[in-house]
Structures are given as C-alpha cells and as structure tokens.
Amino acid sequence: MPRPLRIAIVGPTHPFSGGIATHTTSLAHRLQAAGHDVRLLSWKAQYPSFLRSGTTRVPEDEPEVTPFAASSARLTWYNPLTWLRAGVGMRRADLVLVTGVTPYHAVPYAVMRFAAGRRPTGVVLAHNVLPHEHGRLDERLVRAMYRQYGAVLVHSDEQAALARSIVGADAGVDVRVTRLPLADLLFDGAGGGAAGDAAAAAAGSGASPVTVGFFGMVRHYKGVDQLLEAAARVPGIRVVVRGEFWQPVDEYRAQVSALGIEDRVEIVDGYVAMADMPALIRSFDVVALPYRTGSSTINVALAHRFGTPVLATDAGTMALDIRDGEDGLVVPADDVDALAAALERLTRPGALDRLRAGVDAGGSDRMWAAYTDTVAGFVAG
C-alpha cells in the first residue's frame, strides 16, 4: 500500500452536478479513507456559461454525493488571483491532482502549477482527453497542460493512446490507465422506494413490450437517434428517453413521428435528479447506451447498481464493463443493424431474466481500491 500522502485535488464538487463532480468528491473521500491527507479545491465559477448548456448545479440542500469536509470553493475562471493563491497553498502537497474538465482549464492550471513550485508531483485526471466536439486550439491547450504536469490518468487504453499521440513520444509524460468506478452517490433510498420496488417487480417479468431506457444528457454522439431507428424495426420494443437535450428535442420527436412509433416512445426533456435515479432505472427492463463514440461512463455501473442489464455499443470502455450475454449485450458502435438485432434478442422468452440474473450490483465498489492506489502510485517512493 502506498505511504500516506498530502494530496490536493482541484475539480468540481457539490453543488455542481454531473458525473465529474460526483467522481471528484468520491475520490477525495476514498483517498482520505485510504489514509491520505486530502484537500479539495473547487470552483465558485468553473468556466464561462457558453461552454456548457443545461443544468450545472443542484440545490445546496440536495447533494448528489456526501460533501467533502476539507474542501473550499474559491476558484473563479475569471480571476487569476484565485488560481495563484490556490497554487501557493499547494506547495506542501506531495501530489496535486487537477481534473481536466475542459481544455480551457489548461490556463488556470498552468498558473497553479507554477505557483505550487517543483515539490508536488503533478497529475491531470482526464475523463475525456479532448471534448467530444473539439478544435485545434483544444489539442494545443491539452498538450501544454499534460506536458506541464508531467502525468495523466485516463480510464481507457483508447484515451491513453490519444493522450500519448497529443503530447508526443519524446515528451516524457507518464500516462496511466485505471477503470472508472461508480461514484458514491446518494439516493433517496437505494431501492428507490415503493415506486422503484413496483417497477422492479414489473421489469423482467416477460411482459410485452420490453422497455429500453436511456437517461442523461442527449447529445449526437450518444446515438439516441440510432436507438430510435433500430427500435422501429422491432415491434416488441418500447423506448423511454429521459434527459437534457443538447439538440432541439423536437428533432427527435419529428424522427419518432416519421418512423411511426409514437405509441412506443416516450421522450421527457429535463434534468434527472439523483434521487429519482433508482425508480427510473428499475422501471427499465434494459438501459441503452447506443453511443457512436465515447471514452468512459458510469452509466453501466449505475444501471448494474440497481440490477438492470445494459445494451451498449463497444465505444469507449463500455464493453469492458459488460459481460456480453451475461449481464448485458454489446454491439458494434454506429451500426443500426446490429443494434436492431440486439433489441430483437431482448424480446425472446427468458432473455431478460438471464441477463438480470447475471448482474453484479456490487462490482464497481471493488474497483475503488485499485483506483486510489493508482493515484497515490504517481508519487515515487
């Protein structure tokens, strides 16, 4: 086990919403539980509003994870003095871990690294090496950030290869890979209450149609339009889409109308609160992740947390989190024919029962020890 370290983490935490904020907070808790002295430096204002649409914060009294006590939220994207003060405060740390939310953060992180001095080991935690829609400036910013910090932690071999290609073989940047565990999320009862129990009893019962659900941000690369196209070919499939739409939701409703499947599709545009997740996920027979491309996601582990199998493409790390044919189905990305064939398999007698029986609800929890050891292992000695 790595020796106890003084660790400074920079990244979003409550009341910011979303997977990166919940992961950052859970990581701070897990590192502290492993015996390290952890400080979490968060943002009062994380970046200009045009960089992200949709819900970015949850109510102060409704945290998605247990807030981390040793945290502060003084950083602002528009005030370099807050970056400088944070960096000075890191000088006694053994490890500085910064969360690469957007390439823009290369600028404040450069100031922090300079102010922190040479003592701390620097690591960039990259959930996505590049944004899903990126330009050439993004790549230059990422290259500068990775070279300055000298080490990068990613969640897939694909992302590791991308990071190495950006920084260059001669840069000497230490790129390491570890699996992404599910954050320690707070729910309104892990089972989702009476509604969740009722939905769970109905799900997987062999009733027709089979309900295939998608939740989260709806963006082009996530392939919801391809899921709808595939579902139109399989009469025994019903699709539910719940989340915030980055494209006009009417485009998806028009597609549903054109496909003639209005009676088998439900679309709800809006943020899904963490407290609603248990009942929502249990109301699905299968969670669908039909991504065209991707890096990593916690949604496989989140679905399995509530006993629900997953139909996913092989984009990013999703295939690593699913035992094909045992707790879910994996199909090639960007292949509507393969997606339709998998949906047809779900309608066969006994198929859902077999997949649901194979789900390991506690699998993600065992990944945290390896994750925290990888983080601490960046510090030599």
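Residues numbered from 1 in each chain as written. Predicted model: local features only at pLDDT ≥ 70, side-chain atom pairs only at ≥ 80, totals over all residues. Heavy atoms only, no water.

A.B. asks: So what about the nonpolar core? Which residues, and what values?
C.D. replies: In terms of nonpolar packing, the biggest core is built from 63 residues, with Leu302, Leu311, Leu343 and Leu346 touching the most fellow members. Apart from residues no more than four positions distant in its own chain, Leu311 is found in contact with Val286, Val287, Ala288, Leu289, Leu329, Val331, Leu339, Ala342, Leu343 and Leu346. Of all hydrophobic cores here, the second largest spans 33 residues; its members include Ala21, Ala93, Val98 and Val154. (Core = buried A, V, L, I, M, F, W, Y, C linked by side-chain atoms within 4.5 Å. Buried < 20%, exposed > 50% of the residue type's maximum accessible area, 1.4 Å probe, protein only. Contact = heavy atoms within 4.5 Å.)

A.B. asks: Could you give an account of unusual backbone geometry, naming the residues involved and the relevant values?
C.D. replies: A cis amide bond, omega 15 degrees, links His14 with the succeeding residue Pro15. On the secondary structure map, Pro15 appears in the loop between strand S1 (6-10) and helix H1 (19-33). (Helix = DSSP H or I, 4+ residues; strand = E, 2+ residues; numbered from the N terminus.)

A.B. asks: Account for the pairing of strand S9 (residues 237-243), with residues named and values stated.
C.D. replies: Of all seven residues in S9, five are buried, a share of seventy percent or more. Relative to S9, strand S8 (residues 210-215) runs parallel, the two sharing six bridges. When the sheet's bridge partners are listed, Val210 is paired in S9 with Ile237. In the classification by handedness, the crossover that spans S8, the intervening helix H7 (residues 224-231) and the parallel S9 is right-handed. Pairing analysis gives five bridges linking S9 to strand S10 (residues 265-269), with the strands arranged parallel. (Pairing = 2+ DSSP bridges. Right-handed = clockwise from strand over helix to strand, strands pointing away.)

A.B. asks: Report on the sheet that holds strand S11 (residues 286-289), specifying residues and quantitative values.
C.D. replies: Here we have six strands laid out as an open sheet, ordered S10-S9-S8-S11-S12-S13, and parallel in their pairing. This sheet does not close on itself; its edge strands, each paired only once, are S10 and strand S13 (328-331). Averaged over all pairs of adjacent strands, the angle between strand axes in this sheet comes to 20 degrees, irrespective of strand direction. Pairing analysis gives three bridges linking S11 to strand S12 (residues 310-313), with the strands arranged parallel. The residue of S12 that forms the bridge with Val287 is Val310. Contacting S8, S9, S10 and S11, H7 crosses the sheet at an angle of about 165 degrees to S9. (Axes fitted to C-alpha atoms, helices over the stretch in contact; angles between N-to-C directions.)

A.B. asks: Mind laying out a nonpolar patch on the surface, listing which residues take part and the relevant values?
C.D. replies: On the surface, Leu81, Leu84 and Val88 cluster together into a nonpolar patch covering about 240 Å² of accessible area. With respect to the helices and strands, Val88 occurs in helix H2 (residues 80-89). (Patch = residues over 30% accessible without salt bridge, like charges linked within 9 Å, V, L, I, M, F, W, Y side chains within 5 Å. Areas by Shrake-Rupley, 256 points an atom, 1.4 Å probe, with all protein chains shown as cover. Salt bridge = Lys/Arg side-chain N within 4 Å of Asp/Glu carboxyl O.)

A.B. asks: Provide a residue-level description of the packing of H1 against helix H13 (residues 368-376), including the pertinent values.
C.D. replies: Two elements in contact, H1 and H13, have axes whose closest approach is 10 Å; the angle formed by their N-to-C orientations is 85 degrees. Considered as vectors, H1 and H13 are oriented roughly perpendicular to each other. Contacts between H1 and H13 pair His23, Ser26, Leu27, Arg30 and Leu31 from the former with Trp368, Tyr371, Thr372 and Val375 from the latter. Each residue belonging to the contact of H1 with H13 can be placed in one class, and the counts come to five nonpolar, three polar and one charged. (Parallel < 35°, antiparallel > 145°, perpendicular 65-115°, else oblique. Nonpolar A, V, L, I, M, F, W, Y, C, P; charged D, E, K, R; others polar.)

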